[in-house]
Amino acid sequence: MKIREECGVFGVYAPNEKNVASMTYYGLYALQHRGQDSCGIVVNDGGVFTAKKELGLVGDVFTKEVLSSLGNGKIAVGHVRAGTKGTITQANAQPLVVSHIKGCMAVAFNGNIINKSELRTGLELQGSIFHSSTDTEVIAYEIIKERLNQPSIEHAISSVMGKLDGAYTIVVMSPTKLIACRDPRGYRPLCYGITDEGDYVVASESCALDAVNAKMVRDVEPGEIVIFDAMGVRSIKDFCNTKKQSSCIFEFVYNARPDSIVDGYSVHQARLEMGKYLAKKYPVEADVVIGVPDSGLDAALGFSKESGIPYEIGFLKNKYIGRTFIFPEQKDREDQVRKKLNPIASAVAGKRVVMVDDSIVRGTTSARIVKLLRDAGAKEVHFRVSSPPFLFPCYYGTDIPNKEVLIANQHTQEEIRQLVGVDTLNYLDLEDLKKIAILDGKNSFCYACFDGKYATEPPKALEASKYEVKININEKTKRH
Ligand code: SF4
């Protein structure tokens, strides 16, 4: 099993009406790695919202006809989603579009709200009716409620931020504004840029800015609300510096694309360093270094550079098959690993191979990959993992499961080595990861899935099924 990211968000504000749907399409395409279960785009043409959201990949859902049916506009928001088992439904697809007394609103969300259960119960007790099991709908209700008493939507969002605990990046579209905000600890990445034509673009990762030829302006600060409208760009910073920054270190290990810059730091460079530290700390005599595509490749290159052992492409990845988690059943997952990764026998046969991957979750996928290498003739397999062992679950939007299924929580390193079937096994030391993860001279990251030090209280147990809604909603809505 590999980790699932939770979502990617994207938004565009153009001073002049244009094809913002296709800009959003390209942005979402670049963010597809953050979620492959559903996707959606909402276009705002003078306050008229046209939406399309559907289960499936961006390239499949948004055909040329669908994109042109969204029409032109000045503002658009988009979303890609990875759901957990039981939550992959049409009702949970985003962005969420709602009508309220002050107008229309579309909301796209990434993260996990720790206190959503309490908030939702409070809303339900006041008569709110929910159509999905997403945090997004809870947030939308809270914003609408606050909007009744606040002078603007950004002030309503600011009020809601005071109620939310957890990890979130949110992009909201009102009839006249695009608004982006990031939680005060900054768990999930969010940045914005500008095109040569003066269009503002907001995205989970900078690779999506690149995709629409927007130049990065900066990251949205933890706790900041950025507003894009006819008056230009401005911020509300009431929640900045109210909490210690806890950016997710796993964005650098796995979640983010290597060509992204997150919080001013190159993901590719961070992964190279991870590989170098592994080579320094855990050297081995070998003939070749290979990485497991995609997120093991950069760290493998770093291992090779540091050790002097030649880097080879060890696997051909079938790019037309999604990530391993698309198939929920174990048998399908195993089949998919085999279909997705084919070892290049000439690179590994008869050789002592260093294999670098980003992490081990349950160990089953790793064992399968190692077997592929053995079958292809690898003489020895030395496994180097570019993150520390997962010992604890994540409550902040990355789907790292309960301790009971995390192999490192249940077994010693030697037992894992045997279960995975490798000659040697070493993880990146947490202390070394912390040396790499220095921003502006200070370490501002969350490592909770490795060290159990959560910045918030863990959430109260959620009855997930209680919030499961399996209905088909209108796939295309047009509202005023
Ligand atoms: Fe990231 Fe792990 Fe912290 Fe979750 S617990 S936010 S995956 S570092």
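What this report covers is the structure whose coordinates are included nearby.

So, how was this worked out
Residues numbered from 1 in each chain as written. Predicted model: local features only at pLDDT ≥ 70, side-chain atom pairs only at ≥ 80, totals over all residues. Heavy atoms only, no water. Near = heavy atom within 4 Å. 1 Å grid on protein atoms, 1.4 Å probe; cavity = no way out; pocket = protein on both sides within 12 Å on 5 of 7 lines; lining within 4 Å. Sits in = over half its atoms within 2 Å of the grid points. Pairing = 2+ DSSP bridges. Helix = DSSP H or I, 4+ residues; strand = E, 2+ residues; numbered from the N terminus. Axes fitted to C-alpha atoms, helices over the stretch in contact; angles between N-to-C directions. Contact = heavy atoms within 4.5 Å. Parallel < 35°, antiparallel > 145°, perpendicular 65-115°, else oblique. Left-handed = near helix turned anticlockwise from the far one by under 90°. Phe/Tyr/Trp six-rings, centres within 6.5 Å; stacked < 30°, edge-to-face > 60°. Buried < 20%, exposed > 50% of the residue type's maximum accessible area, 1.4 Å probe, protein only.

Things to note about the site of the ligand
Around the ligand, the structure places Arg188, Cys248, Ile249, Phe250, Cys394, Tyr396, Thr398, Ile400, Cys446, Ala448 and Cys449. Assessed atom by atom at 2 Å from the grid points, the ligand resides in the second largest cavity.

Re the sheet that holds strand β22 (residues 424-427)
Read across the sheet, four strands follow the order β17-β20-β21-β22 without closing on themselves; strand pairing throughout is parallel. The open sheet has two edge strands with one neighbour each: β17 (288-291) and β22. Looking at each pair of strands side by side, their axes are set apart by 20 degrees on average, direction ignored. With six bridges joining them, strand β20 (residues 352-357) and strand β21 (residues 380-385) adopt parallel strand pairing. The residue of β21 that forms the bridge with valine 354 is histidine 382. Packed onto the sheet, helix α10 (residues 297-307) meets β17, β20 and β21 and runs at close to 160 degrees relative to β17. Sitting on the sheet, helix α15 (residues 413-420) is in contact with β21 and β22, with an inclination near 125 degrees to β22.

Considerations on the sheet that holds strand β5 (residues 96-100)
Hydrogen bonding along the main chain pairs the strands of a sheet, whether they run parallel or antiparallel. Across the sheet, which stays open at both edges, the six strands sit in the order β5-β6-β7-β8-β12-β13 with antiparallel pairing between neighbours. Each of the sheet's edge strands pairs with one partner strand only, and the pair in question is β5 and β13 (232-236). If you compare each strand with its neighbour and ignore which way they point, the axes differ by 20 degrees on average. The pairing of strand β6 (residues 103-113) with strand β7 (residues 166-173) spans eight bridges and is classified as antiparallel. When the bridges of β7 are listed, valine 107 appears paired with valine 172. Seen against the sheet, helix α6 (residues 153-161) touches β6, β7, β8 (178-182), β12 (225-229) and β13 and runs at an angle of roughly 20 degrees to β8.

Observations regarding the packing of helix α4 (residues 116-125) against helix α5 (residues 135-147)
Running from N to C, α4 and α5 point in directions that differ by 55 degrees, and their axes come no closer than 10 Å. Judged by the angle between their axes, α4 and α5 are oblique. Considering the relative orientation of α4 and α5, their crossing is left-handed. Residues Lys116, Leu119, Arg120 and Leu123 of α4 form the contact with α5, whose own contacting residues are Asp135, Val138, Tyr141, Glu142 and Lys145.

A few points about the packing of aromatic side chains
This structure, assessed with the given rule, holds 14 aromatic pairs. Their ring planes at 20 degrees and their centres at 4.2 Å tell us that tyrosine 187 and tyrosine 396 sit as a pair that is stacked. Linking tyrosine 187 in the loop between β8 and β9 (191-194) with tyrosine 396 in the loop between β21 and α14 (407-410), this pair joins segments that are 209 residues apart in sequence. Each member of the pair, tyrosine 187 together with tyrosine 396, is buried. The interplanar angle of 40 degrees and the centroid separation of 4.9 Å between the aromatic rings of tyrosine 395 and tyrosine 454 together place this pair among those described as tilted. With tyrosine 395 in the loop between β21 and α14 and tyrosine 454 in the loop between α17 (448-451) and β24 (476-479), the pair connects residues that are 59 residues apart, well separated along the chain. Here tyrosine 395 falls in the partly exposed class, since its relative accessible area comes to 23%. Connected via pairs of aromatic rings, a cluster forms that spans Tyr187, Tyr395, Tyr396 and Tyr454.

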